[in-house]
Amino acid sequence: MDTKLMFQDAVGFPTPMLAVFAVDVATSKDADPLPALLTTSNALTHAAAKVLASGEFKAGLGETLLLHNPGGVKAERMLVVGLGKAKDLSVDEVRKGGGTAVRAVKPLGIREMAIAFPEDHALDDEHLDALPCKLMSRTLVEGAELGEMDWDTYRSERKDRSVRSLTVVSNEAEKTSREEIQAGFEEGLIVAEAQNFTRSLVNEPGNVLTPTELGKRAAAMCAEMGLACEVHSTAKLQELKMGAFLAVAQGSAQPPALIVMTYEPEGGAAKDAPVMGLVGKGITFDTGGISIKPADGMEKMKYDMAGAGAMIGAMRAIAKLKPKVKVIGVVCSAENMPDGAAYKPGDVVTAMSGKTIEVVNTDAEGRLVLADGLNYAKRLGCTHLINAATLTGACVVALGMINAGLFSNDETTWQKFMDGTKTSGEKFWRLPCTDDYRDHIKSQIADMMNTGKNRYGGAISGAMFLKEFVGETPWLHLDIAGCAWNEETKPWIAYGPSGIAVRSIVEWVRGYSA
Ligand code: BES
Ligand code: ZN
Ligand code: ZN
């Protein structure tokens, strides 16, 4: 989508479709909805006054209303987009509103549209502080760009339903606010484009996106963005003695890929400056291996590389946002298959760190590839680690599909991550990984086993396993199994890959910029 920002009055902007936001300003609980437009323009308010008074449109989040030939307005059509209750309005609703606006227009065959920048000061003052215009601008474009995507690449009779051009129109007059809106807009474009890049990787089927192909796409992205990139396979894994990663890969005809992407800040980083390590689980298909998964729903396991996708997308955004901190992305990609050569329950493997692992279940493969990935990131000099992984079904059982699991061994690092989620709007819920859970993964014959001793607290057992390989390094583990795939289409976003974690990882990294 060609997305632009213009400073002018939306009333006079010529466009086939102008979207304007509305909220419900009714305050008492039982009152009928009272929709009000988020605009200071009398002409726009006037054009929608009659239909808004009719009670047909309630300004609920995701609700839209289309008007043709709005009187006194240059646009051919006006789309009123609900953001829900005024008192609940936050930038998260603005993000969803941006998506809803674009997704409502797509099926109409209209290819060009504009969105009037929401003016929350059209309401009373209580919202002025809550919605800073930079963040509002950023979330608005994010929502629009994310909403524009549909996953019809593999349909032979694809109908082009894209919105090709979007103009965000703001009548802001003040210079500093204009600069803020402009800056937020540019950030939003970068981050959303990167998140969409992640989503398109995660959408790819396992037969197309093999570990080798993931390596090629990461390398192409890095070349485009000016990042250094190395893609290694079996020989290098053997040289590094990555016994855990190799064990997972050995049952597949597809060779593994160890992808290392490096971002250096301009002028280089100071000697003692932090180095951020982004480690992703890149299982391009997870059959479960010899501990094979049931057939029902197995097709979904193409998204078992969503953690890797998030890290590749985050590196893409980082390359453009240019924080003053060094960042290394490490992706461990393999296919988990049952085969004559596959690893088996009962096998004992030695990880790169030298620790031995009793494999109890070959379906707990993500933690094995990450064990070596985390250790390698440390060896490359990372001082702070974050990993993202569709690691456990247990995390989905615990948190459902709204919050992703978050684990950390360090309070400051955890707090910094949470601070970033205020901007990213993504939801993470912290679960414990204190040492009293270490017993979960105690093995009778090796340093640890790759599953919990029973099924209780399975997400925690996964985290405890990873913790064995990070040592004292401040570390965050994101278990995104429940949030990486949208099970249904919403008014603001399509069914399919969500691109979860890209935005939060990017904000976390920016929090360490010198
Ligand atoms: N890739 C799965 C986890 C998963 C489940 C991702 C649902 C997305 C949706 C992972 O490799 C796995 O199979 N984990 C096992 C671990 C168990 C054997 C200890 C699980 O969750 O059942
Ligand atoms: Zn598995
Ligand atoms: Zn898996």
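Okay, so let's go over this structure. Just so it is clear, the structure is predicted and the values come from calculations on it, not from any experiment.

Let us now look at the overall build of the protein chain. The helix and strand inventory of the protein chain stands at 13 helices and 20 strands. For the protein chain, whose C-alpha radius of gyration is 24 Å, the value lies close to the compact-globule estimate of 24 Å for 514 residues. Each principal axis of the C-alpha atoms in the protein chain carries an extent, and together these give about 75 × 50 × 45 Å. A fraction of 76% describes how many contacts in the protein chain between residues 6 or more apart in sequence connect residues 24 or more apart.

Okay, the sheet that holds strand β17 (residues 448-449) next. The three strands are arranged β12-β13-β17 in an open sheet whose pairing can be described as mixed. The open sheet has two edge strands with one neighbour each: β12 (348-350) and β17. Here β12 pairs with strand β13 (residues 356-358) via three bridges, running antiparallel. Bridged to Thr-350 within β13 is Thr-356.

Next up on the list: the packing of aromatic side chains. Tallied over the full model, the rule gives five aromatic pairs. Here Tyr-303 and Trp-485 contribute two aromatic rings whose centre-to-centre distance is 5.5 Å and whose plane-to-plane angle is 15 degrees, an arrangement assigned as stacked. Here Tyr-303, found in the loop between β10 (275-286) and α8 (306-321), pairs with Trp-485, found in strand β19 (residues 485-486); they are 182 residues apart in sequence, far enough to count as distant. Here the aromatic rings of Phe-465 and Phe-469 are separated by 5.4 Å at their centres, their planes lie at 45 degrees, and the arrangement is tilted. Put simply, the rings of Tyr-303, Trp-485 and Tyr-495 pair up and form one aromatic cluster.

Within the first shell, the zinc ion (ligand 2) binds the protein through Asp-286 (OD), Asp-363 (O), Asp-363 (OD) and Glu-365 (OE), at distances of 1.9 to 2.2 Å. Coordination of the zinc ion (ligand 2) draws on donor residues from a single chain, spaced D-x76-D-x1-E in sequence. Here the zinc ion (ligand 2) and the zinc ion (ligand 3) are spaced 3.2 Å apart, linked through Asp-286, which binds each one. Of this pair, Asp-286 sits in strand β10 while Glu-365 sits in the loop between β13 and α9 (366-379), and the two are 79 residues apart along the sequence. Across the pair, Glu-365 and Asp-286 agree in class, each one buried.

Reading the values: rules and limits
- Residues numbered from 1 in each chain as written.
- Chains lettered and ligands numbered in written order.
- Predicted model: local features only at pLDDT ≥ 70, side-chain atom pairs only at ≥ 80, totals over all residues.
- Heavy atoms only, no water.
- Helix = DSSP H or I, 4+ residues; strand = E, 2+ residues; numbered from the N terminus.
- Rg over C-alpha atoms; globule rule 2.2 N^0.38 Å.
- Contact = heavy atoms within 4.5 Å.
- Pairing = 2+ DSSP bridges.
- Phe/Tyr/Trp six-rings, centres within 6.5 Å; stacked < 30°, edge-to-face > 60°.
- Donors = N, O, S within 2.8 Å, 3.2 Å for Na, K, Ca; no water.
- Buried < 20%, exposed > 50% of the residue type's maximum accessible area, 1.4 Å probe, protein only.

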